[in-house]
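# Secondary and tertiary structure notes
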Amino acid sequence: VWSGGSAGRHPGLDIWRTLYDRIPEASPFVSPSWVESWLAVFGERLLPTQLVLHAPGNEPVATCLLTPSTRRLIGIDRPRLHLNTDGEPGHESAIIEHNHVLALPGWEDAAAEAVTAWVMACRTQEFVAAGVNEETLGRFEAAMPGWAADVEWRDAPFVDLDRLRTQSHSHLDVVSANTRAQLRRGLRAYGALGVLEVEVARDTARALQLFQELEQLHSARWRGRGQAGAFASPRRRAFLLRLLACGVPDGRVLILRATAGNRTIGILYCLQANRKVAFYQSGFVYGDDRRHHPGLVTHHLVIEHLRRSGYAEYDLLVSGVGEGRYKRSLATDVRRLAWVAYARPSIQSFCLNAMRRVRARVRGSMSRRDGPVPKRA
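These numbers were taken from a predicted model, which means no experiment stands behind them.

### Some remarks on the confidence of the model for the protein
Summary statistics for the protein give a mean pLDDT of 89 and a share of 88% for residues scoring 70 or more. Throughout residues 366-377 the model reports pLDDT below 50, and contacts reaching past four residues in sequence, or to other chains, amount to eight contacts.

Written out as structure tokens, the structure reads:
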């Protein structure tokens, strides 16, 4: 067990790196680059604890972070522990998905039992596991009898690039007729400006140049909607920059620019692990003609580049506001991820849950009588 702040003083990162390299299906959201960057930006403020599970003989076989926070619910403070790099204030959140305990093959159940035993021995009232798959959720539920689970499932669309190659399909072959027509129209329009290509930043200096362009495009788009966008939080921006500096040299962060001639169509900030690429942030050049569809075209060109380059998957991740339709239109498959909060069995939890149920019934009654009731933030 280790408790502390920034990555620079974190003695458990060597263990983290060693385990990560031995786990074939490890997620980019628990990569050493991701964790080290998150600790550097958020660690001293949030003070997570690192747990390490050792096998007989003292060999490390699993590790994770537990990050404390407090949630105020109906006037009552509820101490919480979050799995891994989670628990930041919402406007600063790095947004973790494909979250899991970092465990060697065969040690997943023991690791879940060890983590939940630690959680149950603490005085925390809630344990939060954000962005976990069904297997991870099942392991936690089996190890936490009596703890009530509040689960929200979200769809995460992805493109199975290995299957496209096996079946000798291009991306255009597998999307719907409507999406295919939109893409062909956009590709023709951009093709008139020059050759369509995808540039991958090969070093940190070029990646930083593209990051700055991406940030400008992204922020302009969101300001046009009257919203802040992903770069409004200085801490989130610092995290993205730190992650880029850590991840580009080892290929765990990919900055890709789609171009028509020498003109930018869009830029994607992606994560990569085990031949799987996850789309994380974006900036697109929007013009007056909406038929060009710069977002669709950029993703399509990147998908084709990754297919030809031998990657296994392009993960569009869980949809943000207004993203669900276009992400599904690009995908070949959809998986589910869960955001779950476990509540310690206690009189306080029982009363709070009862009060929430009553409030939900009141809201439902008002909604049926007066129409939709605005949901509180």
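### Comments concerning the pattern of salt bridges
Counting across every chain of the model gives 27 salt bridges. Put simply, Glu59 and Arg22 hold a salt bridge, and the shortest N to O gap is 3.1 Å. In this pair, Glu59 is assigned in the loop between strand 2 (49-54) and strand 3 (60-73) and Arg22 in the loop between helix 1 (13-20) and helix 2 (32-46), connecting sequence segments 37 residues apart. Judged by its relative accessible area of 35%, Glu59 falls in the partly exposed class. The shortest N-O distance in the salt bridge between Arg328 and Asp155 comes to 3.0 Å. Separated by 173 residues along the polypeptide, Arg328 in helix 11 (residues 324-330) and Asp155 in strand 7 (residues 148-160) bring together distant segments of the chain. Taken together, the shared-partner salt bridges in this structure form one network comprising Arg71, Arg78, Arg80 and Glu126.

### A few points about empty space enclosed by the protein
Here the idea is plain: a probe the size of a water molecule rolls over the atoms and shows the empty space left. Within this structure, the stated rule accounts for one cavity of 30 Å³ or more. Forming the boundary of the largest cavity are Pro28, Ser31, Ser33, Trp34, Leu243, Arg252, Val253 and Leu271.

### Structural notes on helix 8 (residues 204-224)
Every α-helix carries 3.6 residues per turn, so stepping three or four residues along brings you back to the same face. Here helix 8 is 21 residues long and its end C-alpha atoms lie 30 Å apart, about the 30 Å a rise of 1.5 Å per residue gives. For helix 8, the complete set of buried residues consists of Ala207, Leu210, Phe211, Leu214, Glu215, Leu217, His218, Ser219 and Trp222. At its buried positions, helix 8 is contacted by strand 8 (196-200), helix 9 (234-247), strand 9 (253-260), strand 10 (263-273) and strand 11 (276-284). Backbone geometry just after helix 8 places Gly226 at a positive phi near 75°.

### Some thoughts on the pairing of strand 2
Judged from the six bridges that link them, strand 2 and strand 3 form a sheet pairing that is antiparallel. Each bridged residue has a counterpart across the sheet, and for Leu53 the counterpart in strand 3 is Ala62.

### Details of the layout of surface pockets
Here the second largest pocket is characterised by a volume of approximately 740 Å³. Contributing to the lining of the second largest pocket are 30 residues, with Glu25, Ala26, Ser27, His100 and Asn133 lying nearest its centre. Where the lining of the second largest pocket is concerned, the elements lending two or more residues are helix 3 (108-121), strand 6 (126-132), helix 4 (134-143), strand 11, strand 12 (313-315) and strand 13 (333-343). Per-class residue counts for the lining of the second largest pocket are 14 nonpolar, eight polar and eight charged.

### Examining the environment of Val119
Here Val119 lies in helix 3. Using a relative accessible area of 0% as the deciding quantity, one classes Val119 as buried. Along the backbone, Val119 and His82 are 37 residues apart, and their C-alpha atoms lie at a distance of 9.8 Å. With residues near it in sequence (within four places) discarded, Val119 still touches Leu66, Leu81, Thr124, Phe127, Met144, Trp147 and Arg344.

### Side note on the packing of helix 2 against helix 9
It is the contact of helix 2 with helix 9, at a shortest axis distance of 8 Å, that shows an interaxial angle of 145°. The two elements helix 2 and helix 9 cross, and the hand of that crossing is right-handed. Residues Ser33, Trp34, Glu36, Ser37, Trp38, Ala40, Val41, Phe42 and Arg45 of helix 2 lie in contact with helix 9, whose contacting residues are Arg235, Ala238, Phe239, Arg242, Leu243, Cys246 and Gly247. Within the contact of helix 2 with helix 9, the residues separate by chemical class into nine nonpolar, three polar and four charged.

### Some remarks on the nonpolar core
Across soluble globular proteins, nonpolar side chains have a tendency to be buried as a group. If you look at the biggest cluster of nonpolar residues, it comprises 48 residues, and the most contacted ones within it are Trp34, Phe239, Ile255, Tyr269, Leu271 and Tyr280. If you tally residues by element for this core, the top one is helix 2, at seven residues. Counting residues in hydrophobic clusters, the runner-up holds 30 residues, among them Val159, Val175, Val200 and Tyr314.

### Here we look at the packing of aromatic side chains
One pass over the structure, following the stated rule, counts 12 aromatic pairs. Arranged with centres 4.8 Å apart and planes meeting at 65°, the rings of Phe29 and Trp34 form a pair that is edge-to-face. In this pair, the class of Phe29 matches that of Trp34, namely buried. With 6.0 Å between their ring centres and 55° between their planes, Tyr269 and Tyr280 make a pair best called tilted. Of this pair, Tyr269 sits in strand 10 while Tyr280 sits in strand 11, placing them 11 residues apart in sequence. Assigned by exposure class, Tyr269 and Tyr280 land together as buried. Following the ring pairs from residue to residue traces out a cluster consisting of Phe29, Trp34, Trp38, Phe42, Phe211, Phe231, Phe239, Tyr269 and Tyr280. Taking NZ or CZ as reference, Arg154 lies 4.2 Å from the ring centre of Trp339, over its face.

Rules of the game
- Residues numbered from 1 in each chain as written.
- Predicted model: local features only at pLDDT ≥ 70, side-chain atom pairs only at ≥ 80, totals over all residues.
- Heavy atoms only, no water.
- pLDDT = per-residue confidence, 0-100.
- Contact = heavy atoms within 4.5 Å.
- Salt bridge = Lys/Arg side-chain N within 4 Å of Asp/Glu carboxyl O.
- Helix = DSSP H or I, 4+ residues; strand = E, 2+ residues; numbered from the N terminus.
- Buried < 20%, exposed > 50% of the residue type's maximum accessible area, 1.4 Å probe, protein only.
- 1 Å grid on protein atoms, 1.4 Å probe; cavity = no way out; pocket = protein on both sides within 12 Å on 5 of 7 lines; lining within 4 Å.
- Points joined across faces, edges and corners; volume = space filled by probe spheres on them.
- Expected span 1.5 Å × (residues − 1).
- Pairing = 2+ DSSP bridges.
- Nonpolar A, V, L, I, M, F, W, Y, C, P; charged D, E, K, R; others polar.
- Axes fitted to C-alpha atoms, helices over the stretch in contact; angles between N-to-C directions.
- Left-handed = near helix turned anticlockwise from the far one by under 90°.
- Core = buried A, V, L, I, M, F, W, Y, C linked by side-chain atoms within 4.5 Å.
- Phe/Tyr/Trp six-rings, centres within 6.5 Å; stacked < 30°, edge-to-face > 60°.
- Lys NZ or Arg CZ within 6 Å of the ring centre and 35° of its normal.

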